[in-house]
Amino acid sequence: MALSRDAYKALQAVVGSKYVSEDPGTLAGYHYSWGGPNGRWQPFVPLAVVLPEDTSQVQGVVRVCNRYKLRFKAHSTGFCSLAFPGVEDTIMVDLRRMNRIVEIDEKNMFAVIEPYAIAAQIQAEAMKRGLDCHIVSAGPTHSPLASATSVWGIGSKGLSQSWNERNLFGVEWVLPTGEVARLGSPGVGAGWFSGDGPGPGLRGIVRGTNGAYGGNGIFTRIGLKLYPWVGDERMECTGSQPQIGLKIPERMHFSLPYWKNWEDMTAAAYKIVDNNVAFSVLRVPPDCMNWMLTSTNDEYQEAFHKGSVPIDREEHLHAWQAIIAGHSEREFEYRKKVFEQIVKDTGGKFLQLTVEQNEILFAANVRISYIPRVFRPTGDFSTSFGMEESINLMGKLHRTGENLLGKYIGPGKLPDHGREGFWAWLNEGRSLHSENAFAVTEEPGVQAANMAYVMESCRVTNSEALGVQILPGYMGIFADSLGPANFNANEWMRKVKYEVVDPDNVADHFTYIFPEPVVLMPTE
Amino acid sequence: MAKENLAMIVGKDQVSDAEQILSAYGSDESFVSPGLPAYVVKVKTAQQVQQIINYAKEKRMPVIPVSSPGGPRLRGDTIASQGGMILDLSGMDRILNVDRMDKIAVIEPGVTFDQLEQALRQKGLRAFKPLLPRRTKSVLASYLEREPVVVPRDHWDAIDPLVTMEVIFGTGDLFRTGSASSPPADLQKQLDAGLRQCFAAGPGSTSLSRVVQGSQGTMGVVTWGSVICGILPEIDNTWFLTAATPEPLIDLSYQLSRRRLGEEHFLVNAFQFATMMADKGEIAALAEKLPAWILTVKLTAGGMLPEEQMAYQEKDLRELAQARGVELKSAVMGISGKALAELLDNPPEEFYKMKHRGAFQDIFFTTTLDKTPGHVAVMEEVVRHHYPSNEIGIYLQPMVQGSSCHCEFNLAYDPTDRAKTSNLKALYLDAGAKLAGNEAFFSRPYGPWADLVYGKNGEATALLKRVKKMLDPEGILNPGRLCF
Amino acid sequence: MSLSERKHQMMQCIRCSACKWVTTPRISGWDFATGCPSMEYGEFHSYSGGGKTIMAAALEDGQIGYTDEMLEAVFTCSMCGSCQISCNLNYGGNVEPMENMRELRSRAVEDGQSDPAHMMLIDYLKREDNIFGKPKADRSKWAEGLDIKDALEEKTEVYLHVGCHFSYDEEQWPVIRAAAKILQAAGVDFGFAKKEEICCGGRAYEMGYQQELKNYSESLTGRLKDAGSKILLTCCSDCNGTFKQLYPQAADCNLDIEVLHITEYIERLIGKGKIKFTREVPLQVTFHDPCHLGRLGEPLKAWKGEIKMAEDPRMYVTDPVREVNFGNKGVYDSPRNILQAIPGVTLTEMPRIREWTYCCGSGGGAKEAFPDFALTTGRERLREAHSTGAQALVTACPWCERNFKDAAAESGDAMVVYDIMELVLQAMEKTG
């Protein structure tokens, strides 16, 4: 269907003619996406893209969509957020012009942000005030508003910064009906410090483990919790492009302790938590660190074959990257001392890296740049099973992953970048986030192996009691396959979408929940 | 007929329509109008709850869930304003699991703080508690009502310390939230497999536990929940920091939050402190002698090097205080930090707010700490000529790691004095309205405050009503509360 | 590599939007975080490096054809290379959005879809060897009275390539004359090709006319061979980038001579004591890194090879190993060292500098085709200069200087704009 002239004019009337386009060239960038079901080019070309500049314009666009029986899909920076139309007759709502950091409340440690303020900007502004923002794995160019309202929202500084489902305060939400709801304290004009109440917490229908990826409306402004930062107000870059490190500030320390097995590493994790000594801990596969420590694939290959990559796939398999921080010199020294003792007591050792390497990995941990770098080897990567559950399950989960992934690695199947791909960290010290992520290629055999592995990993997660499914977080076509095993969560999602927020299915449902069940793979 | 049907579900002895039983639920300490239920039904299992809800749904019979085994009930949220049945969950009082490693417990709704605390201590853990809860208070009810806990450091998010839950919605559907929703469905099997119900969000793209929280029992009935616990410290020292005005202590409190220094951490005025600490009849006298404002900080240490940990924390705290010209004291007017810490750990038999004049009303809301002096000024203006301003207890509790603050004004009164009671009621309503107009967020809108906030809440109120319709289509759960 | 040959790289774009910002570790606040002037102006994704890459892929794939709107996005771009530096940070040359954009423009030209304004410039170029359409005969007017050798007639150690902008923009003659006076004062044996100087071809290449680059590179190669000079010196950053990066990379041309920008050479002369600063220039300045002096002036070797999937471990590699444009080897320190050597000058840096500099807005033929875009971009950079508290914005490129002055004049901005040569001359004994 082409966009009717009446609808086009109506959109122009809302956002101004300069900010509506139905040009095929312009639209190309709005149906090309990594992470979709169809390679890079996704099947549906939007009818138009609009660039609203404020909430009232977003509301106007949504009302036009209602009036002319169109769908809409919200879009921020577009990385890893499945920001493409999943259905026909869609208007893409690119929120690029809504890019402000409206306020940073230094005392109360939160920011009020719009959709296109990126994490790197918010972090830089926060650091000037002794604060930091949680940055999800997508890295510094992602939209924290999108991550907090609509996507996973998980990043490796979880030990001290939780994750964005929990960092969401007040919410301004343009519902697919065209209504504007303000959840929490902004609803009664009291500020942006709380997203819960009055009474029930409607944050619970905004999102869950995952978000709706725009399938439940458009979030135009949020309060985002910030966290203390003891480092410098402006971080000093070291090294040179692309191996840019950060000078490790006073009262911060980066190290890479490793253990002989998952159990010892788990024991260390519990002690780290109980003694409250670390700012962040992160586990990524050894190759990922080596990719970070080399400028190009060519450089990595050369080092790999010379045996000079610094992180060994076997010896350093069970390793945390740890940042220790202290608000005072006394606190820092105490924490460092205890941390070192923990490593010793649990049979760990510290890997000695050069100053430059330490600074690069420190930067990767603070800025969260591992995932963007993971695309370098093959241009694509996939993630499969994992969990948000007890730290005690790390060994079981990771061994299961090793066994499972092993079956799918080999010629014509998944690339061999090590025996597993677990990215793990501790959320608030109360649970372990771990997901098996690995590089893939576009070759058909690899894609088939990937899909088979992903499906099997979903089944294994349930059969081995490894906690809630982390893989697709239920999005779209997976929801009806995974939900029945989790007390029919899919049906509650369906009710929220079609009974509460979007009775006419105006917001693109593709990455949220279909009107009728779509079962791909029974997982029970 | 209904009684027989209910008895078939829970057993004859567990259903009552005796007036003396019913009347215990007919009114409470709030200004909410009394209302008698038709029945009180005591349940023991989730299956019974589910059957009761299905029955009530069919009969359009209101169900008012009550978890705490005893009163005084304070907020009017358990009054059967439209009749129906009290669903008494206090008999579901099992502690289903305590895990030291993950610092988490799974409890039923009838479990009280006392009960939980005892079980946790045996494993080296402690419960996160609100300020001096009444001894009969259900832990889950307290957490579901978002009562602020006194340890803001570990209060990361509004839902804390609650994590996951099993809940039966008004539809009759049994549901599990967060990581508790994952297979196997049997809780014991989950525990045996190493799962600890320790991740709150989800499942899928909803976190319905957030919707149940703060709903005053209008969305579903929680049959168990997992709750975060703290580590029992090996050493603890409770300190007082005092000042004539709240501002320097507010500044200090922000620093404590930022550094996550100290566990218990709250700010009270002299009258509030006296109400907490003094014996009946001695409250006013003590309040007069106390510093106007007192910030309490409990430093704790444990783990590998507890003495060193305590030493650095005390030095850091002292430095922070000195920088603001505030003195660090181990006791005020002979009341030691240790005494307060003991009281916090072991709340008194008599609910402390009733001590002064036999009854009280508290006006509380969420705000940010920096706005609280403004709220105090509004309150003082409201009470002028109507209530002695020096007898207002003020309690400021940083929440969500200091990003917001529970602000509470306690007004004691003699319930036998009708004129004063009437006066206080007017004052209570007036204060609520004026504070709401001054950016006070009545996030837990009990009684008349519901009207105050839901009228202003625009589309969010309409949205909330649709959520209610989804989870309780017949409107049987606690009708008359909130905006339902 | 033609557009068709770049299909693999184009499809490596993951649409992460990194190309819209300066390299993320360098972001120092909300303001001045963006890196792409085109995106700032056009707002739709198609204006970004990634967006143009996706359009190019769609065109190559036959999904789209040319439209006015599409071409406007293609050509409203100063081809500054910021997108490429940001992209290469993590993707290590997998995508190279700038290369994709260059090939997209070339394809448009091949398909008769050149920007009309550019077509006129190329006509001028073909006629007069400069894109301004000025007579060849006037090319050396700037040097009247300066007694400079003709490098094609007399052997000189230094072959000065003046560049079209300095040759024909009369307002900028004081700058190029200053450069000549500085060289003379330092006793440098230099000359230039007088009326016979020709364009470097870089601007034509950026507009999509790739053959012009080839032609001019061959022409210059021959002249340099005849001249026998040891150093090819240019005062124009655009020419600097063309000689150091485009000639070897895109024209398969090895000039076989040391190529220096004037700032590099002056830094060398200061080091040798041939330039001494005796006069104080009391001025608080900030320095604008021209793109073609920095990231687009990074010397890159010609590469012919293939991108293939290595088997162990599996990943894309280049064979032979190809250099990646990270921007580190641009000229950044020389102008700064010069400024710091001038007595009285205080240098305060802008947030976006060195390889993550923000473009002035005049490159790629954008100023000629879309003047409003160029001026808007120039104003943004002036705003950034003001944020440092500087009294003057110093640069080292006539294209940048021209655009800044135009942007300042158009908006009534009082910021003073200098070429670095002007300050050097002011600070030198006897010559000031």
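Keep in mind that this is a model prediction, so the values were computed, not measured.

## Looking at the sheet that holds strand 3 (residues 63-66) of chain B
One key point about sheets: their strands pair by backbone hydrogen bonds, in either a parallel or an antiparallel sense. Spatially, 1-2-4-3 (chain B) is the arrangement adopted by the four strands of the open sheet, whose pairing is mixed. Taken across any chain shown, the strands that pair with only one partner, and hence form the sheet edges, are strand 1 (15-16) and strand 3 of chain B.

## With respect to the side chain of Asn 167 of chain A
All names here are of chain A. Within the element layout of this structure, Asn 167 appears in the loop between helix 6 (158-161) and strand 10 (168-174). With relative accessibility at 0%, the residue Asn 167 sits in the buried group. Within the structure, Asn 167 has its side chain in polar contact with the backbone oxygen of Gln 161 (distance 3.0 Å). If sequence neighbours within four positions are ignored, Asn 167 has contacts with His 134, Gln 161, Ser 162, Arg 203, Gly 223, Leu 224, Lys 225 and Tyr 227.

## Brief notes about the domain arrangement of chain B
Residues and elements named next belong to chain B. Parsing chain B into structural domains produces domain 1 (2-88), domain 2 (95-231), domain 3 (235-345) and domain 4 (357-437). Using C-alpha coordinates to define each centre, domain 3 is positioned 22 Å away from domain 4. Between domain 3 and domain 4, the residue contacts involve 15 residues of the former and 18 residues of the latter. Summed over both partners, the interface of domain 3 with domain 4 buries about 1400 Å², with 59% contributed by carbon and sulfur atoms. Summed over the shared surface of domain 3 and domain 4, the number is zero salt bridges. Of all the elements in the fold, those that place two or more residues in the side of domain 3 that touches domain 4 are helix 8 (247-259), strand 12 (265-269) and helix 9 (270-277). By residue class, the composition of the side of domain 3 that touches domain 4 is eight nonpolar, five polar and two charged.

## Observations concerning the domain arrangement of chain A
Residues and elements named next belong to chain A. For chain A, the assigned domains are domain 1 (1-229 + 475-524), domain 2 (237-374) and domain 3 (381-474). Put simply, the middle of domain 1 and the middle of domain 2, counted by C-alpha atoms, are 33 Å apart. Across the contact, 17 residues belong to domain 1 and 15 residues belong to domain 2. Here domain 1 meets domain 2 over a buried area of about 1400 Å², counting both sides, of which 71% is carbon and sulfur.

## Some thoughts on the pattern of salt bridges
Note on pairing: side chains with opposite charge can pair once their charged atoms come close. Residue and element names in this part refer to chain B. Taken as a whole and assessed by the stated rule, the structure comprises 99 salt bridges over all chains. The shortest N-O distance in the salt bridge between Arg 75 and Asp 362 comes to 2.8 Å. Of this pair, Arg 75 sits in the loop between strand 3 and strand 4 (85-88) while Asp 362 is found in strand 17 (residues 359-367), placing the two residues 287 residues apart along the sequence. Asp 362 carries the same exposure label as Arg 75, and that label is buried. A salt bridge links Arg 196 to Asp 99, with the nearest nitrogen and oxygen atoms 2.8 Å apart. Within this pair, whereas Arg 196 is found in the loop between helix 6 (187-192) and helix 7 (208-212), its partner Asp 99 is found in strand 5 (residues 95-99), the two being separated by 97 residues in sequence. For Asp 99, a relative accessible area of 12% corresponds to the buried category.

Conventions adopted
Residues numbered from 1 in each chain as written. Chains lettered and ligands numbered in written order. Predicted model: local features only at pLDDT ≥ 70, side-chain atom pairs only at ≥ 80, totals over all residues. Heavy atoms only, no water. Pairing = 2+ DSSP bridges. Helix = DSSP H or I, 4+ residues; strand = E, 2+ residues; numbered from the N terminus. Buried < 20%, exposed > 50% of the residue type's maximum accessible area, 1.4 Å probe, protein only. Polar contact = N/O pair within 3.5 Å; in protein donor to acceptor, adjacent residues only side chain to side chain. Contact = heavy atoms within 4.5 Å. Domains from an automatic or database assignment. Buried area = accessible area lost by both parts, 1.4 Å probe. Salt bridge = Lys/Arg side-chain N within 4 Å of Asp/Glu carboxyl O. Nonpolar A, V, L, I, M, F, W, Y, C, P; charged D, E, K, R; others polar.

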